[in-house]
Amino acid sequence: MKISQIMVSTGPTEEGLPPLQGMLLAELNRRPDEVFDNSDEGLLQIFPRLKRSSLSWSLYLLHKKGLISKRKVRVNGRLTTVFGSHEAVEALKGHLNVAD
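Asker: Give me the pattern of salt bridges: which residues, what numbers.
Answerer: For the structure on display, the rule yields five salt bridges. Close ionic contact of K93 with E90 constitutes a salt bridge, the shortest N to O distance being 3.3 Å. Of the two residues, K93 and E90 both sit in helix α4 (residues 86-96), three residues apart, roughly one turn of that helix. Shared partners join several salt bridges into a network, and the residues in it are E27, R30, R31 and E34.

Here's what the structure looks like:
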């Protein structure tokens, strides 16, 4: 096998994240005025190879590591959990007039 045929691992990002989580984190930080649910069509269009389950797990793990925030909100009468950058979720709280 030629050395050139061996795929070089780029390794984790500076936050110690796998590449998928790093890309999602960067995208969420670029959008401080938006929040996303765990199967958001907009994010799935940005990352067309991404599966819904991978998106959901990645958002959960980013929140668990404290890199993004989440909030339960009622959208069109249904309770749903949304994720976003810390700035976006704080803006959402302000929009909803929530004290916590």
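Resuming the write-up.
Asker: Describe α4, listing the residues and the values that go with them.
Answerer: Of the positions making up α4, those classed as buried are A88, V89, L92 and K93. Looking straight down α4, one finds its buried side chains confined to an arc of 140°; they lie on one side. Against β2 (69-75) and β3 (78-84) lie the buried residues of α4.

Asker: Quick rundown of the packing of helix α1 (residues 19-30) against helix α3 (residues 52-64)? Include the residues and the values.
Answerer: Following both chains from N to C, one finds α1 and α3 inclined at 75°, their axes separated by 10 Å at the closest point. By the criterion of interaxial angle, the relationship of α1 to α3 is roughly perpendicular. On α3, the residues that touch L20, Q21, L24, L25 and L28 of α1 are S54, L55, S58, L59, L61 and L62. Its residues placed into classes, the contact of α1 with α3 shows eight nonpolar, three polar and no charged.

Asker: Can you lay out α3 for me, pointing to particular residues and giving the numbers?
Answerer: In this model, α3 (13 residues) spans 18 Å end to end at C-alpha, consistent with the 18 Å of a helix rising 1.5 Å per residue. Buried within α3 are the following residues: L55, S58, L59 and L62. When α3 is viewed along its axis, its buried side chains cluster within an angular range of 100° and face the same direction. More than 90 degrees from the buried face of α3, the exposed residues found are W57 and K64. In the core, the buried residues of α3 are packed alongside α1, β1 (36-37), α2 (41-46) and β3.

The rules behind these values
Residues numbered from 1 in each chain as written. Predicted model: local features only at pLDDT ≥ 70, side-chain atom pairs only at ≥ 80, totals over all residues. Heavy atoms only, no water. Salt bridge = Lys/Arg side-chain N within 4 Å of Asp/Glu carboxyl O. Helix = DSSP H or I, 4+ residues; strand = E, 2+ residues; numbered from the N terminus. Buried < 20%, exposed > 50% of the residue type's maximum accessible area, 1.4 Å probe, protein only. Arc of directions from axis to C-beta. Contact = heavy atoms within 4.5 Å. Axes fitted to C-alpha atoms, helices over the stretch in contact; angles between N-to-C directions. Parallel < 35°, antiparallel > 145°, perpendicular 65-115°, else oblique. Nonpolar A, V, L, I, M, F, W, Y, C, P; charged D, E, K, R; others polar. Expected span 1.5 Å × (residues − 1).

Everything listed here is a matter of coordinates, which is why it stays silent on function.
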